[in-house]
Amino acid sequence: MADQTHVLFVEDDDVIREATQLALERDGFVVTAMPDGLSGLEAFRADRPDIALLDVMVPGLDGVSLCRRIRDESTVPVIMLSARADSIDVVLGLEAGADDYVTKPFDGAVLVARIRAVLRRFGHAGGGDRTEPEASTAGGVLSFGDLEIDTEGMEVRRAGQPVALTPTEMRLLLEFSSAPGTVLSRDKLLERVWDYGWGGDTRVVDVHVQRLRTKIGQDRIETVRGFGYKLKA
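Just so we're clear, the structure is a prediction, and the values are computed from it rather than from any experiment.

Colleague: Summarise the sheet that holds strand β9 (residues 161-163); cite the residues concerned and give the values.
Modeller: On the basis of which strands lie adjacent, the open sheet formed by four strands has the order β6-β7-β8-β9 and antiparallel pairing. Lying at the two open borders of the sheet, with one neighbouring strand each, are β6 (141-144) and β9. In this sheet, neighbouring strand axes are inclined to one another by 25° on average, regardless of whether the strands run parallel or antiparallel. Relative to β9, strand β8 (residues 155-158) runs antiparallel, the two being bridged by three bridges.

This is the structure in structure tokens:
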């Protein structure tokens, strides 16, 4: 998979940018590395990479703003990189549409594992414009009130109107819809949706659930305090 994967890497620190680029290339990835957000946006539009790694604090156009620009144009997976595990940095990046984040300094093997996990979720096959995640439920149309989920066509409608979801949001909704009324813990969702074989930051889950709620209805997904979330049947 890696030798078919084009990574856009935006990082203003010369040492980190060059070292990370070399490490990713040794693992077989094709890397376009840019030092600032504006050049990163130009490279994204020109090359249509398979995944974007964006540092939060880059000049010209910061990583969060760049993520929003990319998300306006594509569902390509995005991983944010932050020098701090600061809640504001993490939440802003995820709310901008990022699918995951990694805190610097990071181990190269961990970064590669995160990249591959994201690409597996997106059903990557060498194309930056792929938008369909792998379905995790049986075919057919599922209905929950005014919400309809076409698990074959990967389409969602609310009150008859199409709802645009990112692949990560779609996978999250499919997990909920496969077990309506069942409480799914954050750890279980990290394992099933984010493909984490290790403990992860549950803020990733919380922010994506909130983003999903704004699209399908705030009361559709219920918080079960101390346990997790469930889709109202």
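Colleague: Account for the side chain of E169, with residues named and values stated.
Modeller: Following the sequence through the fold, E169 ends up in helix α6 (residues 167-178). Within the structure, the side chain of E169 is placed 3.0 Å from the side chain of R211, a separation counted as a polar contact. One polar contact links E169 to K215, side chain to side chain, over a distance of 2.8 Å. Apart from residues lying up to four places away in sequence, E169 is in contact with A164, H208, R211, L212 and K215.

Colleague: Describe empty space enclosed by the protein, naming the residues involved and giving the relevant values.
Modeller: The final tally for this structure, using the stated rule, is two cavities of 30 Å³ or more. Quantified by volume, the second largest cavity comes out at close to 30 Å³. Lining the second largest cavity, in full, are V56, M80, S82, D89, V90, G93, L94 and Y101. Contributions of two or more residues to the lining of the second largest cavity are made by β4 (78-82) and α4 (87-95). Ranked by the residues each element gives to the lining of the second largest cavity, the list is headed by α4, at four residues. Grouping the amino acids of the lining of the second largest cavity by side-chain chemistry returns five nonpolar, two polar and one charged.

Definitions and limits used
- Residues numbered from 1 in each chain as written.
- Predicted model: local features only at pLDDT ≥ 70, side-chain atom pairs only at ≥ 80, totals over all residues.
- Heavy atoms only, no water.
- Pairing = 2+ DSSP bridges.
- Helix = DSSP H or I, 4+ residues; strand = E, 2+ residues; numbered from the N terminus.
- Axes fitted to C-alpha atoms, helices over the stretch in contact; angles between N-to-C directions.
- Polar contact = N/O pair within 3.5 Å; in protein donor to acceptor, adjacent residues only side chain to side chain.
- Contact = heavy atoms within 4.5 Å.
- 1 Å grid on protein atoms, 1.4 Å probe; cavity = no way out; pocket = protein on both sides within 12 Å on 5 of 7 lines; lining within 4 Å.
- Points joined across faces, edges and corners; volume = space filled by probe spheres on them.
- Nonpolar A, V, L, I, M, F, W, Y, C, P; charged D, E, K, R; others polar.

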